[in-house]
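# Residue-level structural notes
Spelled out, the chains give:
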Amino acid sequence: MIYLVAALAGLAGILFGFDEGIIAGALGPLRGAFTISPLDEGLMTAAVPLGALFGAMLAGRAAERYGRRAMLMAAGILFTLGAVGASMITAIWMLSAARLALGVAVGIAAMVAPLYISESAPPAKRGVLVAVYQLAITLGILLAYLANFGLGDAWRSMFLLGALPGIALFVGMFFMRDTPRWLQARGRTGEARAALARLHGLPPSDARIDAELAQIAQAGQTESRDVARWRELAAPAVRPALIVAMGLFLLQQLSGINAVIYYAPTVFKEAGFDSHSTGLMATIGIGIVNVLMTVVGMLLIDRIGRRRLLAVGFVGTAVSLSMISIGAMTESQSLDVVATIGLVLYIAAFAVSLGALPWVMMAEVFPRRVRSLGMSAATLANWGLNFLVVFLFPVLIATIGLGGVFAVFALACLTGIWFTLRYVPETSGVPLEVIEAHLLSGLPFHQLRPESAGRPNAAAAEASLALPREKTGALVAAIVMHNPYRSTLTPMLPRIAELAYENHQIRTALYAIWQDSAFARTGTLRASDLSAHKGTIWRFLEHIHYASPEFLASVREGGATPGNPNAH
Ligand code: BGC
């Protein structure tokens, strides 16, 4: 069943890729049928990312209120209307309008489809299933390139083809249920149970369904009933997730992918493929490598983990982009070959990693309460930069040349390596509720690991048991005295000591300080005694400083204490 869910949501991805890619080949015949000014051309091309920007803005709130399923059905209708509209135009402004509508549908679908999949999928398969969505995008792009090639001048048919997956999306979603997590959050527990049972192919009364439903419900308990607001995304506890989700899309787009997807024929021409048809063939080649390497990425994503795969992708794209840049900056024929190989390597490195990972991770890093809003923000970063890169690429080529532009893209990918190590958590195989508990614990987000979520470092945890509970209070009080938030924290000292003791990582740090400092003998603690543990403990305290009393109470009742996310 879950595969059907992924396949259906994947239709949304096909539509995304198709509407992105189709304009490249349609432009030629359209020029024969209408007089098209450069402004018209820019508008037509940019209408999809522009519409998607609106779609993504709209979708966050609407997916909370009306549900994931309803939004995907709405997108299906809009995709169909847009495709039919584009095929029937009698003036060129109508095409821009139709593509704007298609863009809105793309924007909605690009946010809701990964959300729908990730909320339905079991943790161990979540990565690969959301990656199905990226595979669908690449298939959509390839289909569009093939339609361009096969249909020749029949541009009306090219646009009309997009209606088929639109209809299929609507009809398919009509027969599906919404996600158990959304239904549960709306208080529709009976339906949530039925949806879960159907996903797993188990009877609704099965004990495993009870357990999963309890976990979902428990994660929902800490949420208040009101609708989340945009500014909550910037709250200190949520910010690390926002940085990861938006940062990954920013880097994905700044790696220059759409400069290649939209302008591959131009780039090939620079590299020495002179005829139009060899350029188109080479473009189709790019489309095929994109699809195949996405499949390889899917096989790796839940196995080698998100962080490692991202790092590999950024290294690969940085190297290959440098090859293209060097090839393009020099006149030598042999370096044109280097540039062409670089282009193929670039698509391969992108597809195996940077293509799917931002989609996968944006659907898993946010706490449930702000998940759809957060994903809206992330896809906004995607569309905003997509638009900017595609729009500016021709201008930039004219000013700093192809070599210069690709050097900038290479720099962005180098930054990506640093970003991955510094900010990105390892979420592979970790249940969404555990990711959420880790995030809200205030511990550095990038330290999340499947093992730390499952079992804290056993030896350290055992050693830290040597720290007697009653000693923690005095030590924590001494530490808090050095903290900038001491005035708000002091009244809560007993509670903080409890939370610190229940948190393996903090307790381990406390034990180390206890052992390494003179506090046990003298009763005084110098700021320098905190040394290496300061960052961890400060973040823990900062979180408590910002947390509401209700939150502190609820983490206790739920058993998930800050930094000990697996307790429930
Ligand atoms: C990106 C698109 C891009 C596509 C290429 C997606 O992940 O968001 O902008 O065109 O990958 O395969």
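As the structure is a computational prediction, the values presented were derived from the model and not from experiment. (Residues numbered from 1 in each chain as written. Predicted model: local features only at pLDDT ≥ 70, side-chain atom pairs only at ≥ 80, totals over all residues. Heavy atoms only, no water.)

Summarising the model, the protein chain shows a mean pLDDT of 83, and 88% of its residues fall at 70 or more. When the elements of the protein chain are averaged for pLDDT, helix 20 (residues 458-464) gives the smallest value, 49, and helix 11 (residues 239-254) the largest, 96. Under a pLDDT of 50 for its full length, residues 453-461 has, in the predicted model, 11 contacts with residues more than four places off or in other chains. Low pLDDT, under 50, characterises residues 556-568; the predicted model gives this stretch 35 contacts beyond four residues in sequence or across chains. (pLDDT = per-residue confidence, 0-100. Helix = DSSP H or I, 4+ residues; strand = E, 2+ residues; numbered from the N terminus. Contact = heavy atoms within 4.5 Å.)

Within the secondary structure, Thr 179 sits in the loop between helix 7 (163-174) and helix 8 (180-185). From its side chain, Thr 179 meets the backbone nitrogen of Trp 182 in a polar contact 3.1 Å long. (Polar contact = N/O pair within 3.5 Å; in protein donor to acceptor, adjacent residues only side chain to side chain.)

Per the stated rule, a full pass over the model turns up 11 salt bridges. Where Glu 119 meets Arg 68, a salt bridge forms, and the shortest distance between an N and an O atom there is 3.0 Å. In this pair, Glu 119 sits in helix 4 (residues 92-120) while Arg 68 sits in helix 3 (residues 68-87), placing the two residues 51 residues apart along the sequence. Each member of the pair, Glu 119 together with Arg 68, is buried. Two residues, Glu 498 and Arg 495, come together in a salt bridge whose shortest N-O distance is 3.4 Å. (Salt bridge = Lys/Arg side-chain N within 4 Å of Asp/Glu carboxyl O. Buried < 20%, exposed > 50% of the residue type's maximum accessible area, 1.4 Å probe, protein only.)

Taken together, 14 residues are adjacent to the ligand, and Glu 20, Gln 134, Gln 252, Asn 258 and Trp 359 come closest. Here Gln 252 contributes a side-chain N or O atom positioned 2.8 Å from an oxygen atom of the ligand. Between the ligand and Trp 359 there is a distance of 2.9 Å, counted from an oxygen atom to a side-chain nitrogen or oxygen. Against a free-state accessible area of 320 Å², the protein chains account for coverage of 100% of the ligand. Sorting the residues of the shell around the ligand by element identifies helix 5 (123-151), helix 11, helix 12 (257-270) and helix 17 (371-423) as the ones contributing at least two each. For the shell around the ligand, the element with the most residues is helix 5, which contributes 3 residues. Here the shell around the ligand is composed, by residue class, of 4 nonpolar, 9 polar and 1 charged. A domain split of the shell around the ligand shows at least three residues from each of domain 1 (1-176) and domain 2 (227-454). (Near = heavy atom within 4 Å. Areas by Shrake-Rupley, 256 points an atom, 1.4 Å probe, with all protein chains shown as cover. Nonpolar A, V, L, I, M, F, W, Y, C, P; charged D, E, K, R; others polar. Domains from an automatic or database assignment.)

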